[in-house]
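# Chain and residue survey
Residue-level listing of the chains:
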Amino acid sequence: ETGVTQSPTHLIKTRGQQVTLRCSSQSGHNTVSWYQQALGQGPQFIFQYYREEENGRGNFPPRFSGLQFPNYSSELNVNALELDDSALYLCASSSEGSGETQYFGPGTRLLVL
Amino acid sequence: EDQVTQSPEALRLQEGESSSLNCSYTVSGLRGLFWYRQDPGKGPEFLFTLYSAGEEKEKERLKATLTKKESFLHITAPKPEDSATYLCAVPAYNFNKFYFGSGTKLNVKP
């Protein structure tokens, strides 16, 4: 069974640029959630995708957007990057069959200069 | 707004010194409470799910318990390899959103 994978592992961008992060969900999982984790803080929920539709959203501006593909992999896009967007971005997959337990990937560390 | 609060923020223990971490929540209609372990720079690793008050689950030196307002993660005779940040999370009623606490950073000294 393949776990959740994310790419890239690290990324450096400058303010105002756009970034795309990618996530492959665990085998058999149809739901993907994205989180932002600042240093020393808990993960903050960005949004969730279920069967290619946005299913829930946290308190993040519209410049944070996403996609889910038919194979349940997902992308997180962030436009007009700001310095405060520097964080660890986590992807988690889940399904009704796993009791809705979320299994996390290793994360992508984004640094905005 | 639903909230999850964890305490203490940080905990330093000697190897073998047992203690407990607290996670309190205000979400209504609890659908489950999840505990995770996170090592520095890595994604959270799933530990337990508790669904109803009175439920307990154990894994090695860890035992999680749940009441109607809070959960405890008891660590018995910890070892240095138990050092990590422990996170708890609760879902919204339909599982379309999850609320995480800020975590307890545990440091176990040999």
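Structure shown above.
Residues numbered from 1 in each chain as written. Chains lettered and ligands numbered in written order. Predicted model: local features only at pLDDT ≥ 70, side-chain atom pairs only at ≥ 80, totals over all residues. Heavy atoms only, no water.

## Description of the interface of chain A and chain B
The following threshold applies: Residue contacts follow a heavy-atom distance rule, with two residues in contact if any of their heavy atoms lie within 4.5 Å. Here the buried area means the combined drop in accessible surface, using a 1.4 Å probe, for two parts upon being joined, counting both sides. Distance and chemistry together define a polar contact, namely a pair of N or O atoms within 3.5 Å, with one atom able to donate a hydrogen and the other to accept it when in protein, and with adjacent residues in sequence counting only for side-chain atoms on both sides. Working definition: helices are DSSP H or I runs of at least four residues, strands are E runs of at least two. Numbering for both runs from the N terminus.
Facing 23 residues of chain A, the contacting portion of chain B comprises 19 residues. Across the chain A to chain B interface the summed buried area is about 1,500 Å²; carbon plus sulfur atoms make up 54%. Where chain A touches chain B, the interface holds 6 residue pairs in polar contact (both at pLDDT 80 or more). Of all the secondary-structure elements, those providing two or more residues to the side of chain A that touches chain B are strand 4 (31-37), strand 5 (44-50), strand 6 (53-57), strand 9 (87-94) and strand 10 (103-104) of chain A. Among the elements that make up the side of chain A that touches chain B, the one with the highest residue count is strand 6 of chain A (3 residues).

## Description of the sheet that holds strand 1 (residues 4-7) of chain B
Residue and element names in this part refer to chain B. We apply this condition: Two strands qualify as a pair provided that DSSP identifies no fewer than 2 bridges between them. Axis definition: a line fitted to C-alpha atoms, over the contacting stretch in the case of helices. Angles run 0 to 180 degrees between N-to-C directions.
Here 5 strands make up an open sheet; going across it, the order is 1-3-8-7-6 and the pairing antiparallel. The two strands at the open ends of the sheet, each matched to only one other strand, are strand 1 and strand 6 (56-59). The mean inter-strand angle of the sheet, taken between neighbouring strand axes irrespective of direction, is 15°. Where strand 1 and strand 3 (residues 19-25) come together, 4 bridges link them in antiparallel fashion. Pairing of serine 7 across the sheet is with asparagine 22, part of strand 3.

## Considerations on the state of the cysteines
All names here are of chain B. Rules: The term disulfide is used for any two cysteine sulfur atoms that are within 2.5 Å. Relative accessibility under 20% of the residue-type maximum defines a buried residue, over 50% an exposed one, and the middle range a partly exposed one, all with a 1.4 Å probe and only protein chains included.
Scanning the entire structure with this criterion turns up 2 disulfides over all chains. Two residues share a disulfide in this structure: cysteine 23 and cysteine 88, whose sulfurs sit 2.0 Å from each other. For the disulfide bridge between cysteine 23 and cysteine 88, the dihedral angle about the S-S bond is near 85°, and by the sign convention the bridge is right-handed. In this pair, cysteine 23 sits in strand 3 while cysteine 88 sits in strand 9 (residues 84-91), placing the two residues 65 residues apart along the sequence. Residue classification places cysteine 88 among the buried positions, given a relative accessible area of 0%.

## A few points about a nonpolar patch on the surface
Residue and element names in this part refer to chain A. Our working rule: Candidates for patches are residues over 30% relative accessible area with no salt bridge; among them, like charges are joined within 9 Å and nonpolar side chains (Val, Leu, Ile, Met, Phe, Trp, Tyr) within 5 Å. Only the protein chains shown count as cover for residues, with accessible areas throughout obtained via the Shrake-Rupley method and a probe of 1.4 Å. What makes a salt bridge here is a side-chain nitrogen of Lys or Arg within 4 Å of a carboxyl oxygen of Asp or Glu, nothing more.
On the surface, a nonpolar cluster with roughly 300 Å² of combined accessible area is contributed by Ile12, Leu111 and Leu113. Here isoleucine 12 lies in strand 2 (residues 10-13). On the basis of relative accessibility, which here comes to 58%, the residue isoleucine 12 falls in the exposed class.

## Observations concerning the side chain of aspartate 82 of chain B
Residues and elements named next belong to chain B. Its place among the elements puts aspartate 82 in the loop between strand 8 (70-75) and strand 9. Looking at aspartate 82, its side chain comes within polar contact range of the side chain of arginine 61, at 2.8 Å. With residues near it in sequence (within four places) discarded, aspartate 82 still touches Arg37, Arg61, Leu106 and Val108.

## Describing the packing of aromatic side chains
Worth spelling out the cut-off: Paired rings are identified among Phe, Tyr and Trp, the last through its six-membered ring, by centres lying within 6.5 Å, and are further divided according to the angle between planes into stacked (under 30 degrees), edge-to-face (over 60) and tilted (the rest). Our definition puts a charge over a ring when NZ of Lys or CZ of Arg is within 6 Å of the ring centre and also within 35 degrees of the ring normal.
A complete count under the given rule lists 12 aromatic pairs over all chains for this structure. Ring plane angle 65° and centroid distance 5.7 Å describe the contact between tyrosine 103 of chain A and phenylalanine 46 of chain B, whose orientation is recorded as edge-to-face. Placement of the pair is tyrosine 103 of chain A in strand 10 and phenylalanine 46 of chain B in strand 5 (residues 45-50), with the two residues belonging to separate chains. Through pairs of rings, three or more aromatic residues link up here, namely Tyr35, Phe45, Tyr103 and Phe104 of chain A together with Tyr36, Phe46 and Phe100 of chain B. Here arginine 31 of chain B stacks its cationic end above the ring of tyrosine 93 of chain B, 4.5 Å away from the centre of that ring.

## With respect to the sheet that holds strand 1 (residues 5-7) of chain A
Residues and elements named next belong to chain A. Reading across from one edge, 1-3-8-7 is the order of the 4 strands in this open sheet, with antiparallel pairing throughout. Only two strands of the sheet have a single neighbouring strand rather than two, namely strand 1 and strand 7 (64-68). Each neighbouring strand pair of the sheet contributes to a mean axis angle of 20°, computed without reference to strand direction. Across 3 bridges, the pairing between strand 1 and strand 3 (residues 19-24) is antiparallel.

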